[in-house]
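Analysis of the macromolecular model
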Amino acid sequence: MTATVYIESSVISYLASRPSRDLVIAARQAITAEWWDARRHQYDVFISTLVENEISKGDPNAAQTRLALVDEIPALDITDQANALAKDLIALGAVPKNSEDDALHIGIAAAAGIDYLLTWNFKHINNAETKQAIAAVIERHGFLCPVLCSPEELGP
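In this report, the structure presented in the accompanying data block is examined. The structure displayed is predicted, hence computed values, not measured ones.

**Comments concerning the overall build of the protein chain**
- Counting its regular elements, the protein chain contains seven helices and five strands.
- Counted from the first residue to the last, the protein chain has its helices and strands arranged as β-α-α-β-α-α-β-α-α-β-α-β.
- Relative to the compact-globule value of 15 Å for 156 residues, the protein chain shows a C-alpha radius of gyration of 15 Å, a close match.
- Expressed as lengths along the three principal axes of its C-alpha atoms, the size of the protein chain is roughly 40 × 35 × 30 Å.
- Going through the 156 residues of the protein chain one by one, you find that 46% of them count as buried.
- For the protein chain, long-range pairs separated by at least 24 residues make up 73% of all intrachain contacts whose partners lie at least 6 apart in sequence.
- About 8,300 Å² of surface is accessible on the protein chain, with carbon and sulfur atoms providing 51% of the total.
- The protein chain carries 12 positive and 21 negative side-chain charges, and their two centres are separated by 7 Å.

**Notes on the side chain of Ser 99**
- Inspection of the secondary structure puts Ser 99 in the loop between α5 (80–91) and α6 (100–111).
- Among the polar contacts listed, one links the side chain of Ser 99 to the side chain of His 124, at a separation of 3.0 Å.
- Not counting residues up to four positions away in its chain, the partners in contact with Ser 99 are Ile 90 and His 124.

**With respect to helix α7 (residues 131–140)**
- Among all positions of α7, only Ile 134, Ala 135, Val 137 and Ile 138 are buried. Seen end-on, α7 carries its buried residues on one side only, within an arc spanning 160°. Looking at α7, the residues exposed on the side facing more than 90 degrees away from the buried face are Gln 132 and Arg 140.
- Check the buried side of α7 and you find it contacts α5, α6 and β5 (147–149).
- Downstream of α7 by one or two residues, Gly 142 has phi in the positive range, about 90°.

**Brief notes about the state of the cysteines**
- The tally for this structure, following the rule as stated, stands at zero disulfides.
- Left unpaired, Cys 145 is separated from the closest cysteine sulfur, that of Cys 149, by 11 Å.
- Look at Cys 149 and you get buried, because its relative accessible area is 4%.

**Examining the packing of aromatic side chains**
- Using the criterion set out here, one finds four aromatic pairs in the structure.
- Ring centres 5.7 Å apart and planes at 55° place the aromatic pair Tyr 14 and Trp 120 in the tilted group. With Tyr 14 in helix α1 (residues 9–16) and Trp 120 in the loop between β4 (116–118) and α7, this residue pair connects regions lying 106 residues apart in the sequence.
- Taking relative accessible area as the criterion, Trp 120 reaches 6% and is therefore assigned buried.
- An aromatic cluster of at least three residues, connected via ring pairs, comprises Tyr 14, Trp 120 and Phe 122.

**Overview of the nonpolar core**
- By size, the foremost hydrophobic cluster in this structure holds 47 residues, and its most contacted members are Ile 7, Trp 35, Leu 89, Ile 134 and Ile 138.
- Residue contributions to this core peak at seven residues, all from α6.
- Excluding anything up to four places from it in sequence, Trp 35 contacts Val 5, Ile 7, Arg 40, Tyr 43, Val 45, Leu 118, Pro 151 and Leu 154.

Procedures and definitions
Residues numbered from 1 in each chain as written. Predicted model: local features only at pLDDT ≥ 70, side-chain atom pairs only at ≥ 80, totals over all residues. Heavy atoms only, no water. Helix = DSSP H or I, 4+ residues; strand = E, 2+ residues; numbered from the N terminus. Rg over C-alpha atoms; globule rule 2.2 N^0.38 Å. Buried < 20%, exposed > 50% of the residue type's maximum accessible area, 1.4 Å probe, protein only. Contact = heavy atoms within 4.5 Å. Areas by Shrake-Rupley, 256 points an atom, 1.4 Å probe, with all protein chains shown as cover. Lys, Arg positive; Asp, Glu negative; His and termini not counted. Charge placed at Lys NZ, Arg CZ, Asp CG, Glu CD. Polar contact = N/O pair within 3.5 Å; in protein donor to acceptor, adjacent residues only side chain to side chain. Arc of directions from axis to C-beta. Disulfide = S-S within 2.5 Å. Phe/Tyr/Trp six-rings, centres within 6.5 Å; stacked < 30°, edge-to-face > 60°. Core = buried A, V, L, I, M, F, W, Y, C linked by side-chain atoms within 4.5 Å.

Structure below.
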């Protein structure tokens, strides 16, 4: 059985953006492109309607580029279970109150039974200080928490 990956908006943004002069951002862009080209096909990948909404914002040409990248990737719906998980992630302090979309990404992936949530969001999602709290909330609802990781961390 092939592992499943939910690709969060930050990954698509790094993949589609113009090369950065900032060394950290440039490295993340290169890592993302390498993962996309060499490792993405090892997994069953998904996005969500939330990802589609987020990457469609901003400059119309850039949005078109981002949307074209995910055109063939199935989009998960935002279910009642995903909303309940997101609400509790906020209410219980696992994700900050001003980060509802971040909580919803986690909720969508967990409710769908996704194995990995791929993100460059180290502030609220892939954060060593919050991963345990996030997992506790998800497991309290009877779900397994997806592995929260960056493209650099996923795959051989």
